[in-house]
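Structural features, examined
If you want the building blocks of each chain, they are given just below.
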Amino acid sequence: MEQWLPLFGHLLACPVANAATFSSSPASGDCPSSPPPAAALLRLLLSPAPTLPASDPTADIILFHTLPPFLQSQALSFLASSAGLLDSHLLRALAVRILSAPPGRSGFWARRGARQLLDGLPEGEGVPGVASEEFIDGFHEPPPWLKEMAVRARPVLPWLPVDCRSVMGSRTRGGRDGLNGIGLETLVLSQDEDVHMQEVGSVLPPQAPPRGDSVVQRALAMRKEIVTVESVLVAQRVVKDLQELCVESRNAAAVLSLVQPWEADDETLRVLLSNLVLQEVGVRGGGPALVLCSVFLPQLLELQRPPSSVLLSAALDFCKRHPAAALEAVLFPLILREGGLNVPQCDVLTRIVKECMHPLHVTAFCHRLLSGEEQERKPVCMPQHHESVGAHLVWTESLFALFYSILSQDICLTPSTIDELISVIDEWAPELSRSLKFGNFLLSFVLKCWHQCKNQRVCLERAAERTNTFLTKAILAKLRPAS
């Protein structure tokens, strides 16, 4: 099995397993060249496991089931990418064995991948005992325990078949119910409120005042104190008080909006990033995202020169510990900044991407930014900075420089992301014809994504002809290979 390690490594590392991508990679040279990798993989998956007796009726497929669920799904995607070159009878045999296996042997995604593989084959026999609508209907079905409860319960909400009594719970010692005194009628959302709830986790709405006038007064007093801190010890005490206030109020976003910690000096901001720990629900990225959008993001939105090493070092350490929060509360809002990125902001984002993000984080980020729905691009920021963050990308030389640094890493872009970038290149080539940053990005894009964008070579060639830098000839030479 050692000879298959490069292929399995590709399946584990690549977000979209593709036979053409693997064939162009250096690792493919270690795999058997005859038959091709996809055909050899298909026969391997259909081979019996050596530890089972030959009389076992599932021995011809059991090797597939020995793979982890994620690897099963990736292997099916790999086979589907070159299904037209493979033996349709063997593909059908593999798909049928997966779909007709006993319950529990094939996971949901493996069965879904097998169904897609089967649908792409020429018309043939159906799968015995498997309805064609099973996977469409099953995807949206609630779990069995929720179905059973829905039959015998009066639902709290139309989409939540849970009995009212189980939500209300028993009375606590303080005389409050299980929802801390909130009446059940307050759980029912009006139509406008439902639309608002869909936007939770993006730009934080104007917050209701925290509970109690004393909390508000303490927050306003802390707002004055945090800008006059003179030592690290005092800063640590202020941070501790701020954290206690957030917990006590049960509305950390509102407290931070009142305190405005971003007005402090860099040393105090460093202490905040190192010591402030919040647990917030309903915000993408959770408490860490709330810390970043109230401490570090405001500094970046107004950045016109490189930040201090003290602040940047603390921010990078924080982003390394919480990459998902950094994506939601730093990358998205800063890239969507009104007016676009400038050079210092691009340099900071480049370091965050290189030093703090896993390649899969960056792949998902690029997909959401360029190909996702508008709802997926909602950034996390404080209400005071709402006007500084837009809803659409503003393409500048610095933004192209950021994507150049992304392409320089081991990042696999999705097909839809590549298509969107080609459209952007074609649109901006005339305006940035003399820009070296745009030229570097275009050359890197062609070198990195050549196999995925061959079908749009004419569009890329037209864009390259509009540029006028010393890189133009190199780009055209790659787009016009010698026949």
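Everything numeric here is computed off the predicted structure, so don't read it as measured data.

Notes on the confidence of the model for the chain
Scored by pLDDT, the chain comes out at a mean of 76, with 69% of its residues at no less than 70. Across the chain, helix α20 (residues 343–356) holds the top mean pLDDT of 94, while helix α11 (residues 191–198) sits lowest at 38.

Quick notes on the pattern of salt bridges
Pairing of side chains with opposite charge becomes possible as their charged atoms draw close. Here the structure, examined in full by the defined rule, presents 11 salt bridges. Residues arginine 480 and glutamate 461 are paired through a salt bridge, measuring 2.7 Å at the closest nitrogen-oxygen approach. One end of the pair, arginine 480, is in the segment after α26 (472–479); the other, glutamate 461, is in helix α25 (residues 457–465), and 19 residues separate them in sequence. The network of salt bridges with shared partners includes Arg457, Glu461, Glu465 and Arg480.

A few points about the environment of cysteine 319
Checked against the element boundaries, cysteine 319 lands in helix α18 (residues 309–321). Taking C-alpha positions, cysteine 319 is 8.9 Å from glutamate 355, a pair spaced 36 residues apart along the chain. Beyond its immediate stretch of four places on either side in the chain, cysteine 319 contacts Leu292, Ala326, Ile352 and Cys356.

Remarks on helix α6 (residues 88–99)
For α6, built from 12 residues, the straight-helix expectation of 16 Å at 1.5 Å per residue is met to within 8% by its first-to-last C-alpha distance of 16 Å. Every buried residue belonging to α6 is among Leu91, Arg92, Leu94, Ala95, Val96, Ile98 and Leu99, and all of these are buried.

Let's talk about the packing of aromatic side chains
Scanning the model with the defined rule gives six aromatic pairs in all. Relative to phenylalanine 403, the ring of tryptophan 395 has its centre 5.6 Å away and its plane inclined at 35 degrees; by these criteria the two rings are tilted. With centroids separated by 5.3 Å and ring planes inclined at 50 degrees, the aromatic side chains of phenylalanine 400 and phenylalanine 441 adopt a geometry described as tilted. On the criterion of sequence distance, the pair formed by phenylalanine 400 in helix α22 (residues 397–407) and phenylalanine 441 in helix α24 (residues 436–448) is long-range, its members being 41 residues apart. Given the relative accessible area of 0%, phenylalanine 400 is considered buried. Through a chain of ring-to-ring contacts, the aromatic side chains of Trp395, Phe400, Phe403, Phe438, Phe441 and Phe445 assemble into a single cluster.

Structural notes on the packing of helix α23 (residues 415–428) against α25
One way to put it is that α23 packs onto α25 with a least axis distance of 8 Å and a crossing angle of 30 degrees. It follows from the interaxial angle that α23 and α25 lie roughly parallel. Note that α23 runs across α25; the crossing there is left-handed. Taken together, the residues of α25 that come into contact with α23 (itself represented by Ile422, Ile425 and Asp426) are Cys459, Leu460, Arg462 and Ala463. In terms of residue class, the contact of α23 with α25 is built from five nonpolar, no polar and two charged.

Let's talk about the nonpolar core
Judged by nonpolar contacts, the single largest core of 104 residues is most densely connected at Leu292, Ile352, Phe403 and Phe445. Look past the residues within four positions of phenylalanine 445 in its chain and what remains in contact with it is Leu407, Ile418, Leu421, Ile422, Ile425, Trp450, Cys453 and Leu460.

Some remarks on unusual backbone geometry
One non-glycine residue, arginine 250, adopts positive backbone phi at about 60 degrees. On the secondary structure map, arginine 250 appears in the loop between α13 (232–249) and α14 (252–259). Of note, the phi angle at glutamine 260 is positive, near 55 degrees, even though the residue is not glycine. Structurally, glutamine 260 can be placed in the loop between α14 and α15 (266–275). Glutamine 260 gets classed as buried once you look at its relative accessible area, which sits at 14%.

Rules of the game
- Residues numbered from 1 in each chain as written.
- Predicted model: local features only at pLDDT ≥ 70, side-chain atom pairs only at ≥ 80, totals over all residues.
- Heavy atoms only, no water.
- pLDDT = per-residue confidence, 0-100.
- Helix = DSSP H or I, 4+ residues; strand = E, 2+ residues; numbered from the N terminus.
- Salt bridge = Lys/Arg side-chain N within 4 Å of Asp/Glu carboxyl O.
- Contact = heavy atoms within 4.5 Å.
- Expected span 1.5 Å × (residues − 1).
- Buried < 20%, exposed > 50% of the residue type's maximum accessible area, 1.4 Å probe, protein only.
- Phe/Tyr/Trp six-rings, centres within 6.5 Å; stacked < 30°, edge-to-face > 60°.
- Axes fitted to C-alpha atoms, helices over the stretch in contact; angles between N-to-C directions.
- Parallel < 35°, antiparallel > 145°, perpendicular 65-115°, else oblique.
- Left-handed = near helix turned anticlockwise from the far one by under 90°.
- Nonpolar A, V, L, I, M, F, W, Y, C, P; charged D, E, K, R; others polar.
- Core = buried A, V, L, I, M, F, W, Y, C linked by side-chain atoms within 4.5 Å.

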